[in-house]
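Survey of secondary and tertiary structure
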Amino acid sequence: MADVVLNSAVRSNLRSLQSTTDLLNQTEERLSTGKKVNSAFDNPSSFFTANALDRRASDLNTLLDTVGSSVQTLKAADNGIKAITDIVNSLKATARSALQSPLAVETKAGIESDALGDDVTAQNLLGGTVLASGDTLVVKDKDGGNVTVTFGTAANQVDTLDELNAYLEKNNVLLDATFDATTHKLKIETDNSVANSTPGAISGTATGATNAFTTTTFSAPVLDAAAAQKRADFADDYNAALKEINTIAKDANYNGVNLLMGDDLDVIFNEDGSSKLNVKGVQFDANGVGLSAISADDFYDSSSINGVLDQIEKSFKTIEAQSAKFGSQLQIVQTRETFTKDMVGTLQDGANMLTAADTNEEAANLATLQTKQSLIVSSLSISTQQDSAILQLLR
């Protein structure tokens with residue numbers, strides 16, 4: 001259009017109209033996008049800085065998904081530990097119920113002396129001619145070691161039934177002595193804690209006029225069929241519950257990771273992986289927590305039941321220690337999850353500060369520019385009226 005000659009007034013109004021139109025387009029873009037910086041042409045420094053902040057925020061958002069999954073994995077392990085703890089509590093209750101049920105042994109393992117003499121009483125075991133001061137009796141303690149009982153009236157010697165039982169108890173010999181005032185015989189048998197066992201033979205020099213004990217070998221225990229069956233049923237209940245520990249441990253997985261079956265978990269907290277937490281898995285089936293299946297014999301007397309209860313107490317300590325460790329690690333992961341969420345918000349706010357438009361201001365600008373555009377159009381119309389008058393004269 002180089003051949004078209006515009007007068008100065010028209011040209012000036014035209015330039016103003018073009019400039020106003022550009023500003024209108026820019027304002028409308030800002031209102032539609034909500035950003036004052038939409039490309040590098042608007043503000044290179046703000047545009048690239050905001051892009052870097054948005055990119056990091058996006059990376060952290062991606063990590064948040066992994067961290068959130070790790071939280072759920074740890075919670076799944078914690079749920080499993082709580083359920084296993086409940087099962088172990090039920091095992092303890094079963095063992096205690098068996099302990100309080102009737103003794104499974106009807107007749108305990110025992111050994112009986114010959115008649116010690118008509119003058120022998122529970123208060124004077126040396127009143128006859130069979131046992132004499134200085135005679136000894138060698139029995140086994142609970143660990144299988146030899147314990148020597150010396151009859152007599154000196155210190156550390158025994159001459160009454162009460163002194164004999166006190167000496168046995170003091171030296172951890174799991175035997176009880178009784179005296180039959182009718183037959184004048186001394187009987188030694190296992191106590192309730194080891195009622196289903198047969199002690200080793202006794203020995204010593206309790207000889208006197210005749211051998212105090214015709215036999216030195218303990219008789220075998222005899223079970224009470226009904227009581228033994230009841231305790232065997234408790235043992236079956238124990239084993240059935242024990243299997244549930246294995247089932248719970250296997251089911252405590254989340255998204256293919258099971259911390260209770262030995263799987264490890266790496267939780268990454270930042271973009272380059274330099275900050276992470278390694279959660280070591282454990283084998284928390286029944287064997288892993290220190291428990292194993294039992295037989296009916298294990299519930300026949302209190303000593304074996306107490307052994308089972310000791311295992312359960314150790315199991316509790318193992319479970320509690322691991323639960324505390326997982327709890328501490330879960331707290332760390334949750335804290336980092338919250339921190340990462342806050343960082344994403346901070347980064348996004350920073351990017352918005354550099355690029356976000358003030359919609360109130362832009363709306364005001366739009367209204368002003370639209371008014372200005374109308375005025376320029378009107379002015380342009382007036383500026384062209386002079387040329388229109390000349391055209392009328394030529395006609």
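Residues numbered from 1 in each chain as written. Predicted model: local features only at pLDDT ≥ 70, side-chain atom pairs only at ≥ 80, totals over all residues. Heavy atoms only, no water.

1. Let's talk about the side chain of Ser-302
Mapped onto the elements of the fold, Ser-302 is located in helix α5 (residues 302–355). Filtering out sequence-adjacent residues up to four positions away, Ser-302 remains in contact with Leu-99, Asn-192, Ser-193 and Arg-231. (Helix = DSSP H or I, 4+ residues; strand = E, 2+ residues; numbered from the N terminus. Contact = heavy atoms within 4.5 Å.)

2. What to know about the packing of helix α2 (residues 44–100) against helix α4 (residues 225–251)
Closest axis-to-axis distance for the α2/α4 pair is 9 Å, and the angle between their directions is 175 degrees. Classified by the angle between their axes, α2 and α4 sit roughly antiparallel to one another. On α4, the residues that touch Gly-80, Ala-83, Ile-84, Ile-87, Val-88, Ser-90, Leu-91, Thr-94, Ser-97, Ala-98 and Leu-99 of α2 are Arg-231, Phe-234, Asp-237, Tyr-238, Ala-241, Leu-242, Glu-244, Ile-245, Ile-248 and Ala-249. Grouping the amino acids of the contact of α2 with α4 by side-chain chemistry returns 14 nonpolar, 4 polar and 3 charged. (Axes fitted to C-alpha atoms, helices over the stretch in contact; angles between N-to-C directions. Parallel < 35°, antiparallel > 145°, perpendicular 65-115°, else oblique. Nonpolar A, V, L, I, M, F, W, Y, C, P; charged D, E, K, R; others polar.)

3. Considerations on the packing of aromatic side chains
Under the defined criterion, the tally for this structure stands at 1 aromatic pair. Their ring planes at 75 degrees and their centres at 5.9 Å tell us that Tyr-238 and Phe-299 sit as a pair that is edge-to-face. With Tyr-238 in helix α4 and Phe-299 in the loop between β10 (276–279) and α5, this pair connects stretches of sequence that are 61 residues apart. Pair check on accessibility: Tyr-238 and Phe-299 agree, each one buried. (Phe/Tyr/Trp six-rings, centres within 6.5 Å; stacked < 30°, edge-to-face > 60°. Buried < 20%, exposed > 50% of the residue type's maximum accessible area, 1.4 Å probe, protein only.)

4. Re unusual backbone geometry
Backbone geometry places Asn-156, a non-glycine residue, at a positive phi of 65 degrees. Relative to the helices and strands, Asn-156 resides in the loop between β4 (146–150) and α3 (161–170). Classification of Asn-156 as exposed rests on a relative accessible area of 61%.

5. What to know about the sheet that holds strand β5 (residues 175–180)
Spatially, 3 strands are ordered β2-β6-β5 in an open sheet, and the strand pairing comes out antiparallel. Both edges of this open sheet fall to β2 (110–112) and β5, since each of them pairs with a single strand only. Each strand of the sheet is rotated relative to its neighbour by a mean of 15 degrees, with strand direction disregarded. Bridge count for β5 against strand β6 (residues 185–190) is 6 bridges, and the pairing is antiparallel. Counted as the bridge partner of Leu-175 is Thr-190 from β6. Of the strands in this sheet, β5 and β6 touch α3, which is tilted by about 170 degrees from β5. (Pairing = 2+ DSSP bridges.)

6. Re the layout of surface pockets
Computed from the structure, the largest pocket encloses a volume of approximately 160 Å³. Around the largest pocket, the lining residues are Lys-140, Asp-141, Lys-142, Leu-174, Leu-175, Val-194, Ser-197, Pro-199 and Gly-200. (1 Å grid on protein atoms, 1.4 Å probe; cavity = no way out; pocket = protein on both sides within 12 Å on 5 of 7 lines; lining within 4 Å. Points joined across faces, edges and corners; volume = space filled by probe spheres on them.)

7. Comments concerning the nonpolar core
Judged by nonpolar contacts, the single largest core of 43 residues is most densely connected at Leu-260 and Phe-299. Breaking this core down by element, the ones donating at least two residues are α2, α4, β9 (265–268), β10 and α5. With 11 residues, the top contributor of residues to this core is α2. With residues near it in sequence (within four places) discarded, Leu-260 still touches Ala-77, Gly-80, Ile-81, Ile-84, Ala-249, Ala-252, Val-282, Gln-283, Phe-284, Asp-285 and Phe-326. (Core = buried A, V, L, I, M, F, W, Y, C linked by side-chain atoms within 4.5 Å.)

8. Notes on the pattern of salt bridges
Oppositely charged side chains are able to pair whenever their charged atoms sit close together. Counting across every chain of the model gives 5 salt bridges. With its nearest N and O atoms 3.9 Å apart, the salt bridge here joins Glu-112 to Lys-185. Here Glu-112 is found in strand β2, whereas its partner Lys-185 is found in strand β6, with 73 residues between them in sequence. For Glu-112, a relative accessible area of 39% corresponds to the partly exposed category. (Salt bridge = Lys/Arg side-chain N within 4 Å of Asp/Glu carboxyl O.)

9. Considerations on α4
Working note: α-helix, 3.6 residues per turn, so residues spaced by three or four point in the same direction. End to end, α4 covers 40 Å across 27 residues, agreeing with the expected 39 Å (1.5 Å per residue, within 8%). For α4, the N-terminal capping position is held by Asp-224, with its side-chain oxygen 3.1 Å away from the main-chain nitrogen of Ala-226. (Expected span 1.5 Å × (residues − 1). Polar contact = N/O pair within 3.5 Å; in protein donor to acceptor, adjacent residues only side chain to side chain.)

10. What about the sheet that holds strand β3 (residues 136–140)?
Reading across the sheet, the 3 strands line up as β4-β3-β7 and stay open at both edges, with antiparallel pairing between neighbours. Where the open sheet ends on each side, the last strands, each with one partner, are β4 and β7 (203–204). With 5 bridges connecting them, β3 and β4 associate as antiparallel partners. In the sheet register, Val-139 faces β4, and the bridge partner there is Val-147.

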